[in-house]
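What the coordinates show
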Amino acid sequence: MPQTPPFAAMFDSSGYSRYLFQSKEDSCEGLYYHDNNLLSGSLEALIQHLVPTLDYYPDSSYGDRKKSRNLEAYVEWFNRLSYLVATEICMPIKKKHRARMIEYFIDVARECFNIGNFNSLMAIISGMNMTPVSRLKKTWSKVKTAKFDILEHQMDPSSNFYNYRTALRGATQRSLTAHSSREKIVIPFFSLLIKDIYFLNEGCANRLPNGHVNFEKFWELAKQVSEFMTWKQVECPFERDRKILQYLLTIPVFSEDALYLASYESEGPENHIEKDRWKTLRSALLGRG
């Protein structure tokens, strides 16, 4: 394979292609269903179903799109964190540095689980499971993956996220009896929370066949919303670090194509399909054949 300048070293070039970085539009993918199950991804379309709009209430003020801003921002944060993790892993030139970065994010994910931040935990796991990261076999061979395997098991989507739901109930119980703010933290996997509320609202009739109000549906909706409101009112016990916040919110993250290119530059293509894609990406993103 021809030798080229290190992929990460090209950051300082003023002519570096803007298509290497993820734009807001790149992160707003649609919703995808399989066997009536909502798959992971941007929930922008679903949020539009959950938040009343002018189409539902033409004679009221519900047409204000700003009402969904917080929901959309939360989804965008999840996607950004996933791509940030993948970017930081794929960027280092040396294999040992990539391995250290993987181990670092495994430790961060484990701490997220311990404090009850399941949303960031899932975002980190999603980033580490992206194909440009998971294909780095030589890098992963240098990583002790026992802790990561446990975290993946906890967030396993099989049986409708049974393991995660069990852990969430445990965190909820801990929060109810906690004496410190740290133990009260519960940040649910947001995409699944929205999915649950969406299907509960859309899949259950408001009235029973006999015409009576379906109190069970509305009781369950109220229960889920009130739980979320309780979690939301917990004060964060951690001190804000401006440097870390600036890094998380402003550092550029790679687009999906740029992640693949960085991955191929770190560990070369293994088959003809990857070789063809590598050549196409080099030509499109770096202007090289």
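Residues numbered from 1 in each chain as written. Predicted model: local features only at pLDDT ≥ 70, side-chain atom pairs only at ≥ 80, totals over all residues. Heavy atoms only, no water.

As annotated in an unreviewed UniProt entry, the protein is Ras-GEF domain-containing family member 1B from Notechis scutatus.

A word on the overall build of the protein
The helix and strand inventory of the protein stands at 14 helices and two strands. Each of the 289 residues in the protein was classed as buried or not, and the buried ones make up 38%. Excluding contacts between residues fewer than 6 apart, the proportion of contacts in the protein whose partners are at least 24 apart in sequence is 68%. For the protein, the exposed area adds up to about 17600 Å²; of that, 53% sits on carbon and sulfur atoms. (Helix = DSSP H or I, 4+ residues; strand = E, 2+ residues; numbered from the N terminus. Buried < 20%, exposed > 50% of the residue type's maximum accessible area, 1.4 Å probe, protein only. Contact = heavy atoms within 4.5 Å. Areas by Shrake-Rupley, 256 points an atom, 1.4 Å probe, with all protein chains shown as cover.)

Some points on the packing of helix H2 (residues 69-90) against helix H13 (residues 256-266)
The interhelical angle for the contact between H2 and H13, taken along N-to-C directions, is 25°, at an axis separation of 9 Å. The pairing of H2 with H13 is recorded here as roughly parallel in orientation. In this structure, the crossing between H2 and H13 has a hand that is left-handed. Residue-level inspection shows Tyr83, Ala86, Thr87 and Cys90 of H2 in contact with H13, the latter providing Glu256, Leu259, Ala262, Ser263 and Ser266. Residues of the contact of H2 with H13, tallied by class, amount to five nonpolar, three polar and one charged. (Axes fitted to C-alpha atoms, helices over the stretch in contact; angles between N-to-C directions. Parallel < 35°, antiparallel > 145°, perpendicular 65-115°, else oblique. Left-handed = near helix turned anticlockwise from the far one by under 90°. Nonpolar A, V, L, I, M, F, W, Y, C, P; charged D, E, K, R; others polar.)

With respect to the environment of glycine 170
Assignment of secondary structure puts glycine 170 in helix H8 (residues 158-177). Among the residues examined, glycine 170 registers a relative accessible area of 39% and is labelled partly exposed. Residues glycine 170 and glycine 116 lie 54 residues apart in sequence; the distance between their C-alpha atoms is 9.4 Å.

A closer look at unusual backbone geometry
Unusually for a residue other than glycine, asparagine 160 sits at a positive phi of about 55°. Structurally, asparagine 160 is set in helix H8. Phi is positive for phenylalanine 161, close to 60°, though the residue is something other than glycine. Within the secondary structure, phenylalanine 161 is located in helix H8.

A word on the confidence of the model for the protein
In this model, the protein carries a mean pLDDT of 82, and residues with pLDDT of at least 70 account for 76%. Predicted confidence in the protein is weakest over helix H1 (residues 44-50), with a mean pLDDT of 45, and strongest over helix H3 (residues 95-115), with 97. Residue range residues 1-5 is modelled with pLDDT below 50. Its contacts to residues more than four positions away, or to other chains, number nine contacts. Contacts from residues 10-18, a stretch scored under 50 in pLDDT, to residues over four places away or in other chains number eleven contacts. (pLDDT = per-residue confidence, 0-100.)

Quick notes on the packing of aromatic side chains
To describe a pair of aromatic rings, you give the distance between the ring centres and the angle between the ring planes. Overall, the coordinates contain twelve aromatic pairs when judged by the stated rule. Measuring from ring centre to ring centre gives 5.4 Å for phenylalanine 118 and tyrosine 164, while their planes differ by 80°; the resulting arrangement is edge-to-face. Taken together, the residues phenylalanine 118 in helix H4 (residues 118-128) and tyrosine 164 in helix H8 connect sequence positions 46 residues apart. Across the pair, tyrosine 164 and phenylalanine 118 agree in class, each one buried. (Phe/Tyr/Trp six-rings, centres within 6.5 Å; stacked < 30°, edge-to-face > 60°.)

Observations concerning the pattern of salt bridges
With the rule as written, the count across this model stands at nine salt bridges. The partner of glutamate 274 in a salt bridge is arginine 135, and the shortest N-O contact between them spans 3.3 Å. With a gap of 139 residues between them, glutamate 274 in helix H14 (residues 272-286) and arginine 135 in the loop between helix H5 (131-134) and helix H6 (137-140) connect regions that are remote in the sequence. Arginine 135 carries the same exposure label as glutamate 274, and that label is buried. (Salt bridge = Lys/Arg side-chain N within 4 Å of Asp/Glu carboxyl O.)

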